[in-house]
Amino acid sequence: MKKAFYLVLIIAISMLVIFAGCSRDKKEVNLASDNSVSGKIMIYTSIYEDVIEAMSKVLEKKFPNCKIEFFYGGTGTIQAKIAAEIAANKLGCDMLLVAEPAYSLELKEKNMLHAYKSKEAANLAFDYDKDGYWYPVRICNMVLAYNPEKFAKNTLPNSLFDFANNESVKGAISMSNPLTSGTAMASVTALRDKYGYGYFDSLGKQGVKIESGSVALTKLETGECKVIMILEESVLKKRQEEKSKLEVIYPTDGTIIIPSTVMTVNAQWNANNNTKAAEAITDWLLGPEGQESIVDGWMHSVRTNFHRLPFNAIPTNDIRANNMPVNWENVFRQREETRTKFEELVTKKR
(Lines give C-alpha, C1' and ligand atoms only; values in the text may rest on other atoms or scores of the structure.)
Protein backbone atom coordinates (compact mmCIF):
# COMPACT_ATOMS: atom_id res chain seq x y z
CA MET A 1 0.00 0.00 0.00
CA LYS A 2 2.81 2.40 0.85
CA LYS A 3 4.50 1.72 -2.48
CA ALA A 4 1.24 2.38 -4.33
CA PHE A 5 0.73 5.63 -2.39
CA TYR A 6 4.25 6.89 -3.20
CA LEU A 7 3.83 5.96 -6.86
CA VAL A 8 0.61 7.98 -7.08
CA LEU A 9 2.30 10.87 -5.29
CA ILE A 10 5.25 10.86 -7.71
CA ILE A 11 2.93 10.82 -10.72
CA ALA A 12 0.89 13.71 -9.30
CA ILE A 13 4.00 15.82 -8.67
CA SER A 14 5.28 15.07 -12.18
CA MET A 15 2.01 16.21 -13.72
CA LEU A 16 2.15 19.46 -11.72
CA VAL A 17 5.67 20.13 -13.02
CA ILE A 18 4.57 19.50 -16.61
CA PHE A 19 1.57 21.82 -16.28
CA ALA A 20 3.73 24.49 -14.67
CA GLY A 21 6.17 24.27 -17.59
CA CYS A 22 3.32 24.63 -20.07
CA SER A 23 2.02 27.69 -18.28
CA ARG A 24 5.39 29.39 -18.72
CA ASP A 25 5.08 29.06 -22.50
CA LYS A 26 1.60 30.57 -22.69
CA LYS A 27 -0.01 32.35 -19.78
CA GLU A 28 -3.73 32.81 -19.56
CA VAL A 29 -4.68 36.34 -18.56
CA ASN A 30 -7.88 37.07 -16.68
CA LEU A 31 -9.17 40.26 -18.28
CA ALA A 32 -11.16 42.85 -16.39
CA SER A 33 -13.52 44.42 -18.93
CA ASP A 34 -13.44 48.19 -19.42
CA ASN A 35 -17.02 49.19 -20.20
CA SER A 36 -16.23 52.92 -20.23
CA VAL A 37 -14.63 52.76 -23.68
CA SER A 38 -17.14 52.92 -26.52
CA GLY A 39 -17.54 53.97 -30.15
CA LYS A 40 -15.43 52.69 -33.03
CA ILE A 41 -11.70 52.45 -33.76
CA MET A 42 -9.98 51.51 -37.02
CA ILE A 43 -6.36 50.36 -36.77
CA TYR A 44 -4.01 49.97 -39.74
CA THR A 45 -1.35 47.38 -39.00
CA SER A 46 1.46 45.29 -40.49
CA ILE A 47 1.42 42.72 -37.66
CA TYR A 48 0.77 39.18 -38.91
CA GLU A 49 -2.90 38.51 -39.55
CA ASP A 50 -3.11 35.46 -37.28
CA VAL A 51 -1.60 37.47 -34.40
CA ILE A 52 -4.09 40.29 -35.01
CA GLU A 53 -6.95 37.79 -35.15
CA ALA A 54 -5.99 36.44 -31.73
CA MET A 55 -5.47 39.95 -30.34
CA SER A 56 -8.87 41.05 -31.68
CA LYS A 57 -10.60 38.40 -29.59
CA VAL A 58 -8.86 39.61 -26.45
CA LEU A 59 -9.62 43.27 -27.23
CA GLU A 60 -13.28 42.39 -27.74
CA LYS A 61 -13.40 41.00 -24.21
CA LYS A 62 -11.41 43.88 -22.76
CA PHE A 63 -13.44 46.65 -24.44
CA PRO A 64 -16.86 45.07 -25.10
CA ASN A 65 -18.55 48.41 -25.90
CA CYS A 66 -15.97 49.49 -28.48
CA LYS A 67 -15.96 48.19 -32.05
CA ILE A 68 -12.28 47.71 -32.91
CA GLU A 69 -11.44 46.86 -36.51
CA PHE A 70 -8.12 46.18 -38.24
CA PHE A 71 -6.85 46.69 -41.76
CA TYR A 72 -3.84 44.49 -42.45
CA GLY A 73 -1.14 45.22 -45.01
CA GLY A 74 2.61 45.22 -45.44
CA THR A 75 4.46 48.45 -44.76
CA GLY A 76 4.48 49.42 -48.44
CA THR A 77 0.73 48.81 -48.71
CA ILE A 78 -0.06 50.86 -45.61
CA GLN A 79 2.18 53.74 -46.68
CA ALA A 80 0.57 53.80 -50.13
CA LYS A 81 -2.92 53.69 -48.60
CA ILE A 82 -2.14 56.57 -46.26
CA ALA A 83 -0.56 58.61 -49.06
CA ALA A 84 -3.76 58.25 -51.07
CA GLU A 85 -5.87 59.20 -48.07
CA ILE A 86 -3.71 62.24 -47.37
CA ALA A 87 -4.38 63.35 -50.93
CA ALA A 88 -8.10 63.01 -50.15
CA ASN A 89 -7.64 65.03 -46.91
CA LYS A 90 -8.91 62.30 -44.56
CA LEU A 91 -7.45 59.09 -43.18
CA GLY A 92 -9.50 55.94 -42.81
CA CYS A 93 -7.87 54.98 -39.51
CA ASP A 94 -7.58 56.20 -35.93
CA MET A 95 -4.46 54.27 -34.93
CA LEU A 96 -1.48 52.59 -36.56
CA LEU A 97 0.65 49.61 -35.52
CA VAL A 98 3.56 49.75 -37.95
CA ALA A 99 6.87 48.01 -38.48
CA GLU A 100 9.40 50.57 -37.24
CA PRO A 101 9.81 54.13 -35.84
CA ALA A 102 10.87 55.82 -39.10
CA TYR A 103 7.30 56.07 -40.38
CA SER A 104 6.25 57.46 -37.00
CA LEU A 105 8.89 60.19 -37.37
CA GLU A 106 7.50 61.01 -40.81
CA LEU A 107 3.86 61.27 -39.68
CA LYS A 108 4.87 63.30 -36.63
CA GLU A 109 6.72 65.75 -38.88
CA LYS A 110 3.57 66.08 -40.98
CA ASN A 111 1.60 67.02 -37.83
CA MET A 112 -0.71 64.05 -38.19
CA LEU A 113 -0.30 62.42 -34.78
CA HIS A 114 -1.95 62.85 -31.40
CA ALA A 115 0.33 63.33 -28.37
CA TYR A 116 -0.56 61.15 -25.40
CA LYS A 117 1.48 60.59 -22.24
CA SER A 118 0.77 56.94 -21.52
CA LYS A 119 0.74 55.79 -17.93
CA GLU A 120 2.80 52.78 -19.05
CA ALA A 121 5.70 54.83 -20.45
CA ALA A 122 7.79 54.47 -17.28
CA ASN A 123 7.70 50.69 -17.66
CA LEU A 124 9.16 50.62 -21.18
CA ALA A 125 12.65 49.25 -21.79
CA PHE A 126 12.97 50.86 -25.23
CA ASP A 127 12.97 54.43 -26.52
CA TYR A 128 9.71 56.25 -27.19
CA ASP A 129 8.69 59.73 -28.26
CA LYS A 130 9.00 61.94 -25.18
CA ASP A 131 6.04 64.03 -26.29
CA GLY A 132 3.92 60.90 -26.52
CA TYR A 133 3.44 60.78 -30.30
CA TRP A 134 4.52 57.14 -30.59
CA TYR A 135 5.57 54.20 -28.45
CA PRO A 136 7.25 50.84 -29.15
CA VAL A 137 4.68 48.07 -28.84
CA ARG A 138 6.64 44.96 -29.92
CA ILE A 139 10.25 44.03 -30.62
CA CYS A 140 11.17 42.25 -33.84
CA ASN A 141 14.71 40.99 -34.42
CA MET A 142 16.37 40.56 -37.80
CA VAL A 143 18.52 37.43 -37.58
CA LEU A 144 19.87 34.60 -39.72
CA ALA A 145 18.38 31.11 -39.88
CA TYR A 146 19.52 27.70 -41.13
CA ASN A 147 18.50 24.06 -41.28
CA PRO A 148 20.72 21.88 -39.03
CA GLU A 149 19.39 18.78 -40.79
CA LYS A 150 20.99 20.00 -44.03
CA PHE A 151 24.06 22.00 -43.01
CA ALA A 152 26.33 22.45 -39.98
CA LYS A 153 26.21 25.85 -38.35
CA ASN A 154 30.01 26.19 -38.34
CA THR A 155 30.08 25.84 -42.14
CA LEU A 156 27.69 28.77 -42.66
CA PRO A 157 27.88 32.55 -42.24
CA ASN A 158 27.24 33.46 -38.62
CA SER A 159 27.40 37.21 -39.25
CA LEU A 160 25.38 39.54 -41.45
CA PHE A 161 28.64 40.63 -43.09
CA ASP A 162 29.50 37.07 -44.11
CA PHE A 163 25.93 36.53 -45.29
CA ALA A 164 26.75 38.93 -48.14
CA ASN A 165 30.41 38.06 -48.58
CA ASN A 166 30.97 34.34 -47.97
CA GLU A 167 31.06 32.80 -51.44
CA SER A 168 30.32 29.31 -50.10
CA VAL A 169 26.64 30.29 -49.90
CA LYS A 170 26.49 32.19 -53.20
CA GLY A 171 23.13 31.67 -54.88
CA ALA A 172 21.71 29.98 -51.78
CA ILE A 173 20.69 32.95 -49.60
CA SER A 174 17.41 34.82 -49.26
CA MET A 175 15.95 37.94 -47.63
CA SER A 176 12.76 40.05 -47.62
CA ASN A 177 12.21 42.98 -49.95
CA PRO A 178 13.09 46.37 -48.39
CA LEU A 179 11.01 48.09 -51.08
CA THR A 180 7.86 46.68 -49.48
CA SER A 181 8.88 45.57 -45.97
CA GLY A 182 9.53 48.11 -43.21
CA THR A 183 11.67 45.74 -41.14
CA ALA A 184 13.75 44.86 -44.20
CA MET A 185 14.22 48.56 -45.02
CA ALA A 186 15.35 49.23 -41.45
CA SER A 187 17.79 46.33 -41.68
CA VAL A 188 19.41 47.27 -44.98
CA THR A 189 19.74 50.87 -43.75
CA ALA A 190 21.58 49.67 -40.63
CA LEU A 191 23.80 47.42 -42.77
CA ARG A 192 24.54 50.25 -45.18
CA ASP A 193 25.40 52.59 -42.30
CA LYS A 194 27.81 49.99 -40.90
CA TYR A 195 29.36 48.60 -44.09
CA GLY A 196 28.58 51.17 -46.80
CA TYR A 197 26.81 50.65 -50.12
CA GLY A 198 29.43 48.02 -50.87
CA TYR A 199 27.25 45.71 -48.76
CA PHE A 200 24.44 46.07 -51.30
CA ASP A 201 26.88 45.36 -54.10
CA SER A 202 28.00 42.20 -52.32
CA LEU A 203 24.39 41.05 -51.89
CA GLY A 204 23.88 41.48 -55.62
CA LYS A 205 27.00 39.50 -56.45
CA GLN A 206 25.91 36.77 -54.04
CA GLY A 207 22.70 36.37 -56.03
CA VAL A 208 20.51 36.91 -52.99
CA LYS A 209 16.89 35.90 -53.51
CA ILE A 210 14.35 38.60 -52.64
CA GLU A 211 11.17 36.89 -51.48
CA SER A 212 8.68 36.49 -48.67
CA GLY A 213 9.68 34.91 -45.38
CA SER A 214 7.37 31.93 -45.92
CA VAL A 215 9.01 31.13 -49.26
CA ALA A 216 12.49 31.52 -47.77
CA LEU A 217 11.66 29.19 -44.88
CA THR A 218 10.41 26.53 -47.29
CA LYS A 219 13.63 26.77 -49.29
CA LEU A 220 15.59 26.46 -46.07
CA GLU A 221 13.76 23.25 -45.25
CA THR A 222 14.39 21.74 -48.69
CA GLY A 223 18.03 22.81 -48.73
CA GLU A 224 17.62 25.13 -51.72
CA CYS A 225 18.77 27.93 -49.41
CA LYS A 226 21.62 27.43 -46.98
CA VAL A 227 21.03 30.50 -44.82
CA ILE A 228 18.46 33.29 -44.84
CA MET A 229 18.06 36.74 -43.30
CA ILE A 230 14.67 36.76 -41.59
CA LEU A 231 12.75 37.96 -38.56
CA GLU A 232 13.29 35.82 -35.48
CA GLU A 233 9.52 35.55 -34.91
CA SER A 234 9.02 33.75 -38.25
CA VAL A 235 11.39 30.97 -37.23
CA LEU A 236 9.99 30.70 -33.69
CA LYS A 237 6.45 30.50 -35.03
CA LYS A 238 7.40 27.66 -37.38
CA ARG A 239 9.23 25.83 -34.58
CA GLN A 240 6.23 25.98 -32.25
CA GLU A 241 3.39 25.42 -34.69
CA GLU A 242 5.03 22.93 -37.06
CA LYS A 243 7.70 21.40 -34.81
CA SER A 244 10.26 22.60 -37.36
CA LYS A 245 13.95 21.93 -36.76
CA LEU A 246 15.02 25.24 -38.32
CA GLU A 247 17.22 27.29 -35.99
CA VAL A 248 18.01 30.94 -35.42
CA ILE A 249 21.54 32.33 -35.71
CA TYR A 250 21.91 35.54 -33.71
CA PRO A 251 24.50 37.35 -35.89
CA THR A 252 27.93 37.80 -34.36
CA ASP A 253 28.14 41.35 -35.73
CA GLY A 254 24.84 42.23 -34.07
CA THR A 255 21.15 41.40 -34.24
CA ILE A 256 19.15 44.24 -35.78
CA ILE A 257 16.53 45.19 -33.18
CA ILE A 258 13.38 46.76 -34.64
CA PRO A 259 10.84 48.31 -32.24
CA SER A 260 7.48 48.38 -34.00
CA THR A 261 5.38 51.37 -32.99
CA VAL A 262 1.84 52.32 -32.03
CA MET A 263 0.52 55.82 -32.71
CA THR A 264 -2.80 57.66 -32.73
CA VAL A 265 -3.95 59.94 -35.54
CA ASN A 266 -4.89 63.46 -34.41
CA ALA A 267 -8.35 65.03 -34.56
CA GLN A 268 -7.73 66.71 -37.91
CA TRP A 269 -7.02 63.42 -39.67
CA ASN A 270 -8.61 60.52 -37.79
CA ALA A 271 -11.59 58.54 -38.99
CA ASN A 272 -13.85 58.21 -35.94
CA ASN A 273 -12.93 61.07 -33.59
CA ASN A 274 -12.46 58.64 -30.71
CA THR A 275 -9.27 59.71 -28.97
CA LYS A 276 -10.42 58.36 -25.60
CA ALA A 277 -10.65 54.83 -26.96
CA ALA A 278 -7.30 55.13 -28.78
CA GLU A 279 -5.58 56.19 -25.55
CA ALA A 280 -7.14 53.29 -23.63
CA ILE A 281 -6.04 50.81 -26.30
CA THR A 282 -2.52 52.29 -26.27
CA ASP A 283 -2.27 51.79 -22.51
CA TRP A 284 -3.57 48.24 -22.84
CA LEU A 285 -1.10 47.37 -25.61
CA LEU A 286 1.84 48.68 -23.58
CA GLY A 287 0.60 47.13 -20.34
CA PRO A 288 1.04 43.55 -19.09
CA GLU A 289 -2.17 42.25 -20.71
CA GLY A 290 -1.37 43.60 -24.17
CA GLN A 291 2.20 42.39 -23.97
CA GLU A 292 0.97 38.86 -23.32
CA SER A 293 -0.60 38.98 -26.80
CA ILE A 294 2.66 40.29 -28.26
CA VAL A 295 4.72 37.49 -26.75
CA ASP A 296 2.11 34.93 -27.81
CA GLY A 297 2.80 36.23 -31.34
CA TRP A 298 6.50 35.24 -31.03
CA MET A 299 7.71 38.84 -30.56
CA HIS A 300 9.58 40.26 -27.56
CA SER A 301 7.93 42.49 -25.00
CA VAL A 302 8.84 46.17 -24.79
CA ARG A 303 8.45 46.22 -21.01
CA THR A 304 11.29 46.16 -18.50
CA ASN A 305 11.83 42.69 -17.02
CA PHE A 306 8.72 41.22 -18.58
CA HIS A 307 8.16 37.73 -17.13
CA ARG A 308 7.87 35.84 -20.43
CA LEU A 309 9.85 35.35 -23.62
CA PRO A 310 8.61 34.22 -27.01
CA PHE A 311 8.70 30.46 -27.57
CA ASN A 312 12.32 29.23 -27.84
CA ALA A 313 13.76 32.79 -27.84
CA ILE A 314 16.89 33.82 -25.98
CA PRO A 315 16.54 36.59 -23.35
CA THR A 316 15.81 40.05 -24.73
CA ASN A 317 18.69 41.54 -22.75
CA ASP A 318 21.11 39.06 -24.35
CA ILE A 319 20.00 40.27 -27.77
CA ARG A 320 20.36 43.90 -26.70
CA ALA A 321 23.88 43.19 -25.47
CA ASN A 322 25.01 42.55 -29.06
CA ASN A 323 22.93 44.54 -31.51
CA MET A 324 23.58 46.52 -34.68
CA PRO A 325 22.28 50.08 -34.12
CA VAL A 326 19.65 51.55 -36.43
CA ASN A 327 19.60 55.29 -37.11
CA TRP A 328 15.87 55.91 -37.49
CA GLU A 329 16.40 59.39 -38.89
CA ASN A 330 18.45 57.81 -41.69
CA VAL A 331 15.73 55.23 -42.33
CA PHE A 332 13.24 58.10 -42.68
CA ARG A 333 15.28 60.79 -44.42
CA GLN A 334 17.20 58.51 -46.78
CA ARG A 335 14.43 56.05 -47.63
CA GLU A 336 14.23 56.88 -51.33
CA GLU A 337 18.00 56.94 -51.77
CA THR A 338 18.28 53.56 -50.05
CA ARG A 339 15.53 52.10 -52.22
CA THR A 340 17.15 53.38 -55.40
CA LYS A 341 20.58 52.00 -54.46
CA PHE A 342 19.12 48.63 -53.44
CA GLU A 343 17.34 48.30 -56.77
CA GLU A 344 20.46 49.33 -58.66
CA LEU A 345 22.95 47.13 -56.81
CA VAL A 346 20.84 44.16 -55.73
CA THR A 347 17.56 43.52 -57.52
CA LYS A 348 18.78 44.40 -61.02
CA LYS A 349 21.74 42.03 -60.68
CA ARG A 350 19.66 38.97 -59.96
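Everything numeric in this text was worked out from a predicted model, so none of it was measured.

What counts, and where the lines are drawn
- Residues numbered from 1 in each chain as written.
- Predicted model: local features only at pLDDT ≥ 70, side-chain atom pairs only at ≥ 80, totals over all residues.
- Heavy atoms only, no water.
- Phe/Tyr/Trp six-rings, centres within 6.5 Å; stacked < 30°, edge-to-face > 60°.
- Helix = DSSP H or I, 4+ residues; strand = E, 2+ residues; numbered from the N terminus.
- Buried < 20%, exposed > 50% of the residue type's maximum accessible area, 1.4 Å probe, protein only.
- Lys NZ or Arg CZ within 6 Å of the ring centre and 35° of its normal.
- Pairing = 2+ DSSP bridges.
- Contact = heavy atoms within 4.5 Å.
- 1 Å grid on protein atoms, 1.4 Å probe; cavity = no way out; pocket = protein on both sides within 12 Å on 5 of 7 lines; lining within 4 Å.
- Points joined across faces, edges and corners; volume = space filled by probe spheres on them.

(A) Looking closely at the packing of aromatic side chains. Scanning all chains against the criterion turns up six aromatic pairs. Note on phenylalanine 200 and phenylalanine 342: the rings are 5.4 Å apart at their centroids and 80 degrees apart in plane angle, and the pair reads as edge-to-face. Taken together, the residues phenylalanine 200 in helix α7 (residues 198–206) and phenylalanine 342 in helix α14 (residues 335–345) connect sequence positions 142 residues apart. With respect to burial, phenylalanine 200 and phenylalanine 342 carry one shared label: buried. Within the aromatic cluster, the residues linked to one another by ring pairs are Phe161, Tyr195 and Tyr199. Above the face of the phenylalanine 71 ring, lysine 81 is positioned so that its terminal group lies 4.7 Å from the ring centre. Its guanidinium or amino end placed over the ring of tyrosine 197, lysine 341 lies 5.5 Å from that ring's centre, counting from NZ or CZ.

(B) Here's a closer look at the pairing of strand β9 (residues 256–264). Counting buried residues along β9, nine of its nine residues qualify, which places the element largely inside the surrounding structure. Here β9 shows no split at all, with Ile256, Ile258, Ser260, Val262 and Thr264 on one side and Ile257, Pro259, Thr261 and Met263 on the other all buried. With four bridges joining them, strand β3 (residues 95–98) and β9 adopt antiparallel strand pairing. Opposite leucine 96, over in β9, you have methionine 263 as the bridge partner.

(C) Broad picture of the environment of glutamate 224. Take glutamate 224: it is sitting in the loop between α8 (213–222) and β7 (227–231). Residue classification places glutamate 224 among the partly exposed residues on the basis of a relative accessible area of 44%. If near-sequence neighbours (up to four positions away) are discounted, glutamate 224 is found in contact with Ala172, Lys209 and Lys219.

(D) Highlighting the layout of surface pockets. In this structure, the largest pocket spans a volume of roughly 750 Å³. Along its surface, the largest pocket is lined by 32 residues, and Tyr48, Tyr72, Gly213, Leu231 and Ser234 are the ones closest to its centre. Sorting the residues of the lining of the largest pocket by element identifies α2 (49–62), β4 (135–146), α6 (182–195), α8, β7 and α9 (232–242) as the ones contributing at least two each. Ranked by residues supplied to the lining of the largest pocket, first place goes to α9 with six residues.

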